[in-house]
Amino acid sequence: MKGDKNVDIQNLKDMANKLRIDSIVATNASKSGHPTSCASMAEIMSVLFFHTMKYKISAPRDPSSDRFILSKGHAAPILYAAWAEAGLFPLEDLKNLRKIDSDLEGHPTPRLNFIDVGTGSLGQGLAVAAGMAYVGKYFDQTSYRVYCLVGDGEAAEGSVWEALHFASHYKLDNLVVIFDVNRLGQSEPTSLQHQMDVYDARLKAFGLHSLVVDGHDVGELIKAFDEAATVSGKPTAIVAKTFKGKGFPGIEDKDNWHGKALGAEGDKIIKHLQAQIKNPGWKPRVSAPQCEAPRVHVADITLSAPPAYERGARVATRLAYGTALRKIADTNLRVIAMDGDTKNSTFSDKLRSAYPERYVECFIAEQTLVGVATGAACRARAVVFASTFAAFFTRTFDQIRMGAISQSNINLVGSHCGVSIGEDGPSQMGLEDLAMFRAVPTATIFYPSDAVSTERAVELAANTRGICYIRTSRPETDILYAAGTSFKVGEAKVVRESAADKVLLVGAGVTLHEALAAADLLQKEGIEARVLDPFTIKPLDEDAIRKHTKAVGGRIVVVEDHYQAGGLGEAVLSALSAERSVLRHLCVRGVPRSGAPAQLLHAHGLAAQHVAAAARDLLQH
């Protein structure tokens, strides 16, 4: 047996050098890439893919398989090489790295059938891995494990330590994070370089089972990964001391080689590496998953009961969100709520009260909130709704844009939008969120204006692919719609209309109610106004905007509880760019201050009397 073990170790050493060669070949073919960053993790990849991990070549994203997240996404060539060496696609294809007609992009994206999420914006992979591990441990309850490789450079990101705290708190013993401590960053050495004791102490302080290993010693790596599989009640961190450019004579552990193809030097280094391979004909073996993950259904989600509100009632849309969330959880066991310690304000606690096992508290760590949500939704294992104040999603924009690159299906819900939240003041007011989400290519933006439309927005979001954002408000607002009203993505509602209308008023959320009040004021003066509720800001019902603007002679007032740039007003302007129209845009034009909601709407020119005045001005000119 000892002899067989030695042969296996040699084969894995050989594979590490093959992966190095593959990375040089690929990056030389594209004349760009990060071969030295690949070289430091070659033994780690060899042991993971050809000794430790259990997965299916025939179905790379099989839900029963182990997961691997390459957080240091710039080392993509060696990840591609591992799958090619495993037999998923021909090694020759590696020469198409970074070519426009190839899915082997410079950093991993799910255009490839073996990639779960896009990585490369550093510091994000571990939160995604933690979300996968949470679902594996607490929902799937299956033996698959999650491995995440983090670079030492990106360990400077606070989001890494947020995710470590999350993983430790929830005892994710099916998660293994590997730190590739190769000492060198992009432009200079990392702050800790090879202070392995500091990494170890920090990881232990965060509650992980930490193992410091020689990252180029196959035997040590095998032992460490085998030990990780026996650890219970906490995640494992394998802190691997490595060298950038390992095995590249004259380049190993040298600065100024980050992100550079080796060029002519590569041919010499390939010959050097080939000479070290003892068993060139060895064919690697891949271990299949041990257990089948449960089959789940995450489509065709419906409310367990239709909205039940009486006309004349006043209900905050944030409260209706919580009600709807609980209702869709009634009908599908894979609906999960997450929050950042604001559940009693966003009302996600309504799901928590009904189904505590399906609520995940992410605490005040919003980047982890979005990252964990992204991971939990991977491989269609869950329908995830993550909520916090709208203002706090701004700090997660990088996670959101990477979610779009990752083709993620997640639902984000931002409450307390705009100056209408009142006395809490500007730090709590979401005033940039529409602009942010409108810039995300896969985003659908719901902005419901009453409780009925909010419940339907939640139901629609649960069945809509891509990133969905639901903007909810703090103040109580009137019920506008009957319980049986049908809503569609991209379809506006006209809530007030007559043949004599002279101006179109467009609002959303609290400002739709101000527009309706303004229409009442104008009617007393003999002026009829049409009022439109867009329901979704993206996609905006541009046909309805154009049709109803034309019907009133091209006069339109848009009022929104958001800054001028990027919100509803600019979306409407875009829709009317080729039309003859005159538009007045009422919005928040300066940094607000604390005050009562009605006072703030008045101070920023968003109240009914201001909407009416803007309409009068249009009619006079």
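Residues numbered from 1 in each chain as written. Predicted model: local features only at pLDDT ≥ 70, side-chain atom pairs only at ≥ 80, totals over all residues. Heavy atoms only, no water.

## Examining the pattern of salt bridges
Enumeration over the complete set of coordinates arrives at 32 salt bridges. A salt bridge links R285 to D8; the nearest nitrogen and oxygen atoms lie 3.9 Å apart. In this pair, R285 sits in the loop between α9 (264–274) and β6 (314–316) while D8 sits in helix α1 (residues 2–30), placing the two residues 277 residues apart along the sequence. Taking relative accessible area as the criterion, R285 reaches 54% and is therefore assigned exposed. When the shortest N-O distance is used, the salt bridge between R474 and D424 registers 3.2 Å. Separated by 50 residues along the polypeptide, R474 in the loop between β12 (467–471) and β13 (476–478) and D424 in the loop between β10 (410–415) and α15 (433–438) bring together distant segments of the chain. Judged by relative accessible area, R474 falls into the partly exposed class, the value being 28%. A residue is classified by how much of its surface remains accessible, and D424, at 40% relative accessible area, is partly exposed. (Salt bridge = Lys/Arg side-chain N within 4 Å of Asp/Glu carboxyl O. Helix = DSSP H or I, 4+ residues; strand = E, 2+ residues; numbered from the N terminus. Buried < 20%, exposed > 50% of the residue type's maximum accessible area, 1.4 Å probe, protein only.)

## Here we look at the side chain of S473
Within the secondary structure, S473 sits in the loop between β12 and β13. In this structure S473 touches A316, T317, R318, C417, Y447, G509 and V510, once residues within four positions along its chain are discounted. (Contact = heavy atoms within 4.5 Å.)

## Some remarks on the pairing of strand β3 (residues 175–181)
Along a regular strand, successive side chains alternate from one face of the sheet to the other. The buried fraction of β3 is high, at seven of seven residues. Here β3 shows a buried face lined by L175, V177, F179 and V181 and a second buried face lined by V176, I178 and D180. Here six bridges tie strand β2 (residues 146–151) to β3, and the two strands are oriented parallel to one another. Considered in β3, the bridge of C148 is made with V177. (Pairing = 2+ DSSP bridges.)

## Notes on the sheet that holds strand β11 (residues 443–446)
The sheet built from seven strands is open, its strands ordered β8-β7-β9-β10-β12-β11-β17 with mixed pairing. Only two strands of the sheet have a single neighbouring strand rather than two, namely β8 (359–361) and β17 (536–538). On average, each strand axis in the sheet is tilted by 20 degrees relative to the strand beside it, whichever way the strands run. Two elements, strand β9 (residues 383–389) and β10, share five bridges in a ladder whose sense is parallel. The residue of β10 that forms the bridge with A386 is L412. (Axes fitted to C-alpha atoms, helices over the stretch in contact; angles between N-to-C directions.)

## Observations regarding the side chain of D22
Topologically, D22 is positioned in helix α1. We note that D22 is buried and unpaired, the nearest opposite charge coming from K18 at a distance of 8.3 Å. Other than its neighbours up to four places away in sequence, D22 contacts A81, E85, L91 and L94. (Lys, Arg positive; Asp, Glu negative; His and termini not counted.)

## Section: the sheet that holds β2
Strands sit in the order β1-β2-β3-β5-β4 across an open sheet of five strands; the sheet is parallel. What marks the edges here is a single partner per strand, and that holds for β1 (67–70) and β4 (209–214). Each adjacent strand pair in this sheet contributes to an overall mean axis angle of 20 degrees, direction not counted. Pairing of β1 with β2, which is carried by four bridges, proceeds in the parallel orientation. Bridge pairing in β2 places L70 opposite L149.

## Remarks on the nonpolar core
Nonpolar side chains in soluble globular proteins generally cluster together in the buried interior. One finds F179, M338 and L412 to be the most contacted residues of the largest nonpolar core, which totals 84 residues. Residue contacts for F179: discarding those within four places in its chain leaves V150, A155, V160, L164, L203, I238, V239 and A240. Core analysis: the second largest hydrophobic core is formed by 59 residues, V383, L512, V557 and L618 among them. (Core = buried A, V, L, I, M, F, W, Y, C linked by side-chain atoms within 4.5 Å.)

## As for the UniProt feature "domain: Transketolase-like pyrimidine-binding" (unreviewed entry) in the protein
Taking the UniProt record as the reference, the feature "domain: Transketolase-like pyrimidine-binding" (unreviewed entry) is found at residues 315–479. Along residues 315–479, the helical share is 39% and the strand share 21%, with 7 Å between the first and last C-alpha atoms. (UniProt positions renumbered as here; feature names shortened; annotations may be inferred.)

## Some words on the packing of helix α3 (residues 42–52) against helix α8 (residues 218–228)
Packing of α3 against α8 brings their axes to within 10 Å, and their N-to-C directions diverge by 55 degrees. Taken as axis vectors, α3 and α8 run oblique relative to one another. Classified by chirality, the crossing of α8 by α3 is right-handed. Contacts between α3 and α8 involve E43, I44, V47, L48, H51 and T52 on the former and, on the latter, V218, L221, I222, F225 and D226. For the contact of α3 with α8, the per-class residue count stands at seven nonpolar, two polar and two charged. (Parallel < 35°, antiparallel > 145°, perpendicular 65-115°, else oblique. Left-handed = near helix turned anticlockwise from the far one by under 90°. Nonpolar A, V, L, I, M, F, W, Y, C, P; charged D, E, K, R; others polar.)

## Let's talk about helix α5 (residues 125–140)
Taking 1.5 Å of rise per residue, 16 residues should cover 22 Å, and α5 covers 21 Å from first to last C-alpha, within 8% of that figure. Across the 16 residues that make up α5, a large majority, 14, are buried. A positive backbone phi angle near 50 degrees is found at Q141, which sits one or two residues after α5. (Expected span 1.5 Å × (residues − 1).)

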